[in-house]
Amino acid sequence: MLQRIQSIYLLFASLVLFALFLFPLAHNIYVNGKLVNVTVTGVYETVNGQDSHIQVFTALTIITVIAALIPLIVIFLYKNRKQQIALCYSAILVLIGYSFWMAQTVKKVVGDITLEYKNMGIGLFLTSLSIILIIFAVKSIQRDEKLVKSADRLR
């Protein structure tokens, strides 16, 4: 059924991944004497309070959209719970790889500078939150599968 708790978890996981477009991965970093912010769409230089796009991350942006759409797609596969579970595990693996790629991209932009806790953006932690929500969804799907199997035994 569409109105189960796993739908809520998957919807929130998708919203959290789409929130990567709102929150920076790293902010207020001085790179080559310039104040920059790093997001999934690119690097922005702050000059006189205005942000100007100085580098674009096209591939990272596209993969962010695809990764955010996967949990939404899984919601509508509610008739095939085994396929839902498999896609959730696949989404978790994709998000782990995506998190690594995102961290390496930030590391490449920052260079030799050590990224301090105060400069880390919320975006670096959102994929971890999304993975946790997908794990909760998998547990709920497995609970539903167990309930259906027990009901079949009673017939």
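Residues numbered from 1 in each chain as written. Predicted model: local features only at pLDDT ≥ 70, side-chain atom pairs only at ≥ 80, totals over all residues. Heavy atoms only, no water.

Brief notes about the packing of helix H2 (residues 58-75) against helix H3 (residues 81-110)
And then number 1: The contact between H2 and H3 brings their axes to 10 Å, and the two run at 160°. By the criterion of interaxial angle, the relationship of H2 to H3 is roughly antiparallel. H2 and H3 meet at a crossing whose hand is left-handed. Contacts between H2 and H3 involve Ala59, Leu60, Ile63, Thr64, Ala67, Ile70, Val74 and Ile75 from the former and Gln84, Leu87, Cys88, Ala91, Leu95, Tyr98, Trp101 and Thr105 from the latter.
And then number 2: Split by residue class, the contact of H2 with H3 holds 13 nonpolar, 3 polar and no charged. (Axes fitted to C-alpha atoms, helices over the stretch in contact; angles between N-to-C directions. Helix = DSSP H or I, 4+ residues; strand = E, 2+ residues; numbered from the N terminus. Parallel < 35°, antiparallel > 145°, perpendicular 65-115°, else oblique. Left-handed = near helix turned anticlockwise from the far one by under 90°. Contact = heavy atoms within 4.5 Å. Nonpolar A, V, L, I, M, F, W, Y, C, P; charged D, E, K, R; others polar.)

Looking at the side chain of Thr127
And then number 1: With respect to the secondary-structure elements, Thr127 resides in helix H4 (residues 123-154).
And then number 2: Setting aside anything within four residues of it in sequence, one finds Thr127 in contact with Leu17, Leu20, Tyr98, Ser99 and Met102.

Observations regarding the pattern of salt bridges
And then number 1: In this structure the tally under the stated criterion is 2 salt bridges.
And then number 2: Across the pair Arg4 and Asp144 runs a salt bridge, and its minimum N-O distance is 2.9 Å. Of this pair, Arg4 sits in the segment before helix H1 (5-18) while Asp144 is found in helix H4, placing the two residues 140 residues apart along the sequence.
And then number 3: Between Arg81 and Glu145 there is a salt bridge, with its nearest N and O atoms 2.7 Å apart. (Salt bridge = Lys/Arg side-chain N within 4 Å of Asp/Glu carboxyl O.)

A short note on the side chain of Glu45
And then number 1: Mapped onto the secondary structure, Glu45 falls in strand E3 (residues 42-47).
And then number 2: Here Glu45 is buried and forms no salt bridge, its nearest opposite-charge partner Lys34 lying at an N-O distance of 4.4 Å.
And then number 3: When sequence neighbours within four positions are dropped, the list of residues in contact with Glu45 reads Lys34, Leu35, Val36, Gln50, Asp51, Ser52 and Ile54. (Buried < 20%, exposed > 50% of the residue type's maximum accessible area, 1.4 Å probe, protein only. Lys, Arg positive; Asp, Glu negative; His and termini not counted.)

Considerations on H3
An α-helix turns once every 3.6 residues. As a result, residues three or four positions apart point the same way.
And then number 1: Helix length check: H3, at 30 residues, gives a terminal C-alpha distance of 43 Å against a target of 44 Å (1.5 Å per residue), a fit within 8%.
And then number 2: In the segment just after H3, Gly111 is the residue with positive phi, at about 80°. (Expected span 1.5 Å × (residues − 1).)

Observations concerning the confidence of the model for the chain
And then number 1: For the chain, per-residue confidence averages 87 on the pLDDT scale, and residues scoring 70 or more make up 94% of the total.
And then number 2: Averaged pLDDT values over the elements of the chain bottom out at 80 in strand E1 (residues 26-31) and peak at 94 in H1. (pLDDT = per-residue confidence, 0-100.)

What to know about the packing of aromatic side chains
And then number 1: Applying the stated rule across the entire model yields 1 aromatic pair.
And then number 2: With a centroid separation of 5.6 Å and 50° between ring planes, the pair formed by Tyr9 and Phe136 is classed as tilted. Note that Tyr9 is positioned in helix H1 and Phe136 in helix H4, a separation of 127 residues in sequence. (Phe/Tyr/Trp six-rings, centres within 6.5 Å; stacked < 30°, edge-to-face > 60°.)

Concerning the pairing of E3
And then number 1: Of the strand pairs in this sheet, strand E2 (residues 34-38) and E3 are connected by 3 bridges, and their pairing is antiparallel. Residue pairing in the sheet places Asn37 in a bridge with Tyr44 of E3.
And then number 2: With antiparallel pairing between neighbouring strands as the criterion, E2 and E3 make up a hairpin whose turn holds 3 residues.
And then number 3: Relative to strand E4 (residues 50-56), E3 runs antiparallel, the two sharing 6 bridges. By the bridge assignment for E4, Tyr44 is matched with His53. (Pairing = 2+ DSSP bridges.)

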